[in-house]
Each structure stands twice: as C-alpha cells, then as structure tokens.
Amino acid sequence: MATTLPPCQRDVTIPSNVAEIPYRAYFGCTALVNLVLHSAIISVGNEAFSGCTSLTSDISLPGLQTLGVSAFRGSDIRSADLGQITTVSEYAFYYCHSLEWVKAPNANVIGKAAFARAWKMTEATLSPVLTSIGASAFAYARVLETPLGLSQLTTIPKYGFLECYKLNTSLDLPYVTSIEEGGFLLTTALARRLYAPQLAVDGLGVSAFSISGVLSADLGDALSTIPSYVFYYCYSLEWVRAPNVAVIGGAAFARAWKMTEATFRPMLTSIGASSFEMARVLETPLGLSQLTTIPKNAFKECFKLNTSLDLPYVTSIEEGGFQQTTALARRLYAPQLAVDGLGVS
C-alpha cells in the first residue's frame, strides 16, 4: 500500500519509506514552514514544493537522483544539498530569494532560470565542467561568487548570467559559438580575458557584455558583426580582436575608456551611432573608406584616434561624428557629401 504523505501544514516530516515525492505534492502550501526530509529520497517531482512561500528549511537530499521542474520555485529555503543529480531542472529554484548556497557536485546541466532571482546565493557547488545551461539560468543571482566551469559549453544563452554582479569566473570559452543577448550583461566583477575563437558569423548578441569588467576579447576569425551595446561601458576593456568584423553596431564600444587597440576587417562597411563614443584612448587606425555614413557621435571624444579621413563614399557626417578627436591630424576628403550632409559639431 502506498504511504500517504502528511497534509499541508506548518510542520511536515516525510515518512522514511517514501522514496519519491510526487508532482505538486505540496504545491502552493503557504502554511508549510518546517520540512524534514530523509536520505532515501531519490526523486522530487515537478512543482512538488513550488509556491511554498513560508518554507524556510535547509534542504538535505544526499540520495537525490532526479529534481523536477519548478520543484522549489518561489520557496524561502535557505540551502540545498542535492545529492547525485546531474541536472538542475528549469525553474527549480527560481525566485528562491533566501537561498544562500546549493551543492550538486555532479550537476552539469542547468536548466532555464534554474537559479534566476536567487538574490542571496553566494555559493553554487556544481560539476567542474558544465555542459549546458539554459536561458536566464543564473540571472539576478547577484551575489554569486563561485567560479563556474564554462569551458565545455557551446552556447552562453540569453541572459545566462544577467546581473551576476559578484561573478568572476573564467572566460576561456574554446567551444562557444554563440554568446546571446545579455549573456554577461552587468557582470561588473568579471575581470577576465575573453577567449572565444569559435564564435559563429553572427555569434554575438546585443548587450552580451554591457557594463561588465571584461579585460580583453579575442572573438575568433569568423564573427562578422558586433551588435549594439556588446561592450558598452566595459570600462576595463583594453583590446579586442575580431579580424573579420565589418559591421559595428550602435554604442558597441561606447565608454570603453581603456581600449587602446581594436582589430577588425581592414574596411568597415557600417558603424552605428555612438559606436566608439568615449573610447578615449583608442589608437588603432580604422578602415572607414567604404562607409556611406559617419553616424551621430560615432567617434566623439576619441582623443587618441588618428585614422584616415579618406571618405570617398560618405554622404553624411552626422552630429558630433568626430567631435573632440583632438589627435585626428588628417586631411578630410568627402567628395560625395549631400546638400545637408554635415551635422552640428
């Protein structure tokens, strides 16, 4: 005969002969505060404790093999020892705002939003080599400090580490072909050198490293476009290498104060507004001769820039295009400027 689980109440002790906690066993049980588990439990089903907003226990499941989707979503648990699981499922600890640490040393797959909004989580003991992480896996885990093993990943998904302010983990990513939108956005302590030689032609997403602490970026030989805001406000970025890139998006390197060197294709075909604005020590000559527009504030306050102004196809140099480029000791040649082809400043 199957053992009946205790009802939804303040104190729950799971019977010693129960090995699997089923789907939605205590879903939405806001009365539950204290939960006593045991070492023989091997499975926690989908949404088993989801919505247990008063649950403040430390979770110890040393024999656990399977953890379901949204298993503890929105609960107030303080810690989680997850035994032998290899996968932390989607939303398993989403919005567990009191979770301080998790231990799952065999877990190499982290599902979508598994630890998203775990505001207080400082430590995550996972497999030394992660093989897959889902979108927003660690988004808003703002005090997470544990270095994570990213070297075998092929994708850094959308918002994977968004607002992980304390994270300072290796960016040696030899197999990554795509770093999606906001992948490392607002990782302000990420003082590492990015090595991603296998990035695909369109392998970078918007704001991938915006406002991060990244020190340099080797982006491989295939990448052709650096989208908008990718390295915006990367105040420690010293150099970037992407020799096949011909398109630079809006504000892609804006406020990269320390960047002295940028290696791109010899002839850029398009740059966006404010693409290099306030890259104040950039010295690398850039290939502008195939451009048709110098957009607004593109090189504003590039104090050290001294690049050719042979612009035979440019029809418009917009407001502030070369404003305060005080080292730009070149002769301007722009024979195709339109009737209203010059902007203010």
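Provided above is the structure to which this section pertains.
Residues numbered from 1 in each chain as written. Predicted model: local features only at pLDDT ≥ 70, side-chain atom pairs only at ≥ 80, totals over all residues. Heavy atoms only, no water.

Another aspect to go through is the packing of aromatic side chains. For the structure shown, the criterion picks out 23 aromatic pairs. Between Phe72 and Phe93, the ring centres sit 5.7 Å apart and the planes meet at 0 degrees, which makes this aromatic pair stacked. Of this pair, Phe72 sits in the loop between β6 (66–67) and β7 (79–81) while Phe93 sits in the loop between β8 (87–88) and β9 (101–103), and the two are 21 residues apart along the sequence. The same class applies to Phe72 and to Phe93, which are both buried. A cation over an aromatic ring shows up here: Arg24 above the ring of Phe27, its NZ or CZ 3.8 Å from the ring centre. Against the face of Tyr140 rests Arg117, its NZ or CZ located 4.4 Å from the ring centre. (Phe/Tyr/Trp six-rings, centres within 6.5 Å; stacked < 30°, edge-to-face > 60°. Helix = DSSP H or I, 4+ residues; strand = E, 2+ residues; numbered from the N terminus. Buried < 20%, exposed > 50% of the residue type's maximum accessible area, 1.4 Å probe, protein only. Lys NZ or Arg CZ within 6 Å of the ring centre and 35° of its normal.)

Note that soluble globular proteins tend to have their nonpolar side chains buried in a common cluster. The biggest cluster of nonpolar side chains holds 104 residues, and the ones touching the most others in it are Phe93, Phe138 and Phe264. Discounting residues that sit within four places of it in the chain, Phe93 has contacts with Leu67, Phe72, Ile77, Ala80, Leu82, Val88, Leu99, Ala114, Phe115 and Ala116. Ala116, Ala139, Tyr140 and Leu185 belong to the second-largest nonpolar core, a separate cluster that totals seven residues. (Core = buried A, V, L, I, M, F, W, Y, C linked by side-chain atoms within 4.5 Å. Contact = heavy atoms within 4.5 Å.)

Right, let's talk about the state of the cysteines for a bit. Across all of its chains, the model carries one disulfide by this definition. Across the disulfide, Cys8 is cross-linked to Cys29 (sulfur-sulfur distance 2.0 Å). Between Cys8 and Cys29, the disulfide has an S-S torsion of 95 degrees and is therefore right-handed. Of this pair, Cys8 sits in the segment before β1 (11–13) while Cys29 sits in the loop between β2 (20–21) and β3 (34–36), and the two are 21 residues apart along the sequence. On the basis of relative accessibility, which here comes to 45%, the residue Cys8 falls in the partly exposed class. You can see Cys52 has no disulfide; the closest cysteine sulfur is in Cys29, sitting 5.2 Å from it. A relative accessible area of 0% means that Cys52 is categorised as buried. Residue Cys96 stays outside any disulfide, its sulfur separated by 10 Å from that of Cys52, the closest cysteine. Under the relative-accessibility criterion, Cys96 is labelled buried at 0%. (Disulfide = S-S within 2.5 Å.)

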